[in-house]
Amino acid sequence: MSQTVDTNSNWLAGRLWDLGWDVRRILCAPDRLEDIVATIDEAAGLGSLVVSTGGLGPTRDDLTAEAAARVLGDELALNEE
């Protein structure tokens, strides 16, 4: 069982509501590529905006960008700048 409380979702949903967005669902995924891909794919089917956030932020081993690229049928490209 997780020991981490998700405070990001509540705060972010409130800000999105304030901006007029209809928050349809909040989804959580473990840090496994196939699970993140499935979660992003599910979220994409719910509306026109998908927002992703995580605990530690971007790290060298972050899988979120790769998962989003797979859902979109695209490849990542490194921009050295």
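Shown above is the structure to which this text applies.
For every chain, the first residue of the written sequence is number 1, and numbering continues from 1 onward in sequence order. Only residues with pLDDT of 70 or above have their local features reported here, since the model is predicted, and side-chain atom pairs are shown and tallied only from 80 upward, although totals for entire chains, interfaces and linings are computed over all residues. By convention in this description, side-chain values take in all heavy atoms of the structure and omit both hydrogens and water.

Novice: Can you explain the overall build of the chain? Please cite residues and give values.
Specialist: Check the secondary structure of the chain and you find three helices and zero strands. Under the scheme used here, helices are H or I runs from DSSP no shorter than 4 residues and strands are E runs no shorter than 2 residues, and both carry numbers assigned from the N terminus. The order of α-helices and β-strands along the chain, N terminus first, is α-α-α. For the chain, the spread of C-alpha atoms along the principal axes amounts to about 35 × 30 × 30 Å. A buried classification covers 16% of the 81 residues belonging to the chain. Here the Shrake-Rupley method, with its probe set to 1.4 Å, supplies the accessible areas, and only the displayed protein chains count as covering residues. Of the accessible surface of the chain, which amounts to about 6900 Å², a share of 51% is contributed by carbon and sulfur atoms. Counted as positive: Lys and Arg. Counted as negative: Asp and Glu. His and the chain ends are not counted at all. For the purpose of locating charges, the reference atoms are NZ of Lys, CZ of Arg, CG of Asp and CD of Glu. Of the charged side chains in the chain, 6 are positive and 15 negative; the average position of the first set lies 6 Å away from that of the second. Partly exposed describes any residue whose relative accessible area lies between the buried limit of under 20% and the exposed limit of over 50%, with all areas from a 1.4 Å probe on protein chains only and scaled to the type maximum.

Novice: Mind laying out the packing of helix α2 (residues 33-44) against helix α3 (residues 64-72), listing which residues take part and the relevant values?
Specialist: Throughout, an axis means a line fitted to C-alpha atoms (over the contacting stretch in the case of helices), and angles, computed between N-to-C directions, take values from 0 to 180 degrees. Orientation of α2 relative to α3, taken along the N-to-C sense of each, is 55°, at an axis distance of 9 Å. Classified by the interaxial angle, the pair formed by α2 and α3 is oblique. α2 and α3 meet at a crossing whose hand is right-handed. Taking contact as the criterion, the partners of Leu33, Ile36, Val37, Ile40 and Asp41 in α2 are, on α3, Thr64, Glu66, Ala67, Ala68, Arg70 and Val71. Here the contact of α2 with α3 is composed, by residue class, of seven nonpolar, one polar and three charged. Oblique is the label for any angle not covered by the other classes, which are roughly parallel (under 35 degrees), roughly antiparallel (over 145) and roughly perpendicular (65 to 115). Crossings are sorted by hand: turned counterclockwise from the far helix by less than a right angle, the near helix makes the crossing left-handed, and turned clockwise it makes it right-handed. Residue contacts follow a heavy-atom distance rule, with two residues in contact if any of their heavy atoms lie within 4.5 Å. Side-chain classes follow a simple rule in which Ala, Val, Leu, Ile, Met, Phe, Trp, Tyr, Cys and Pro form the nonpolar group, Asp, Glu, Lys and Arg form the charged group, and the remainder, Gly included, forms the polar group.

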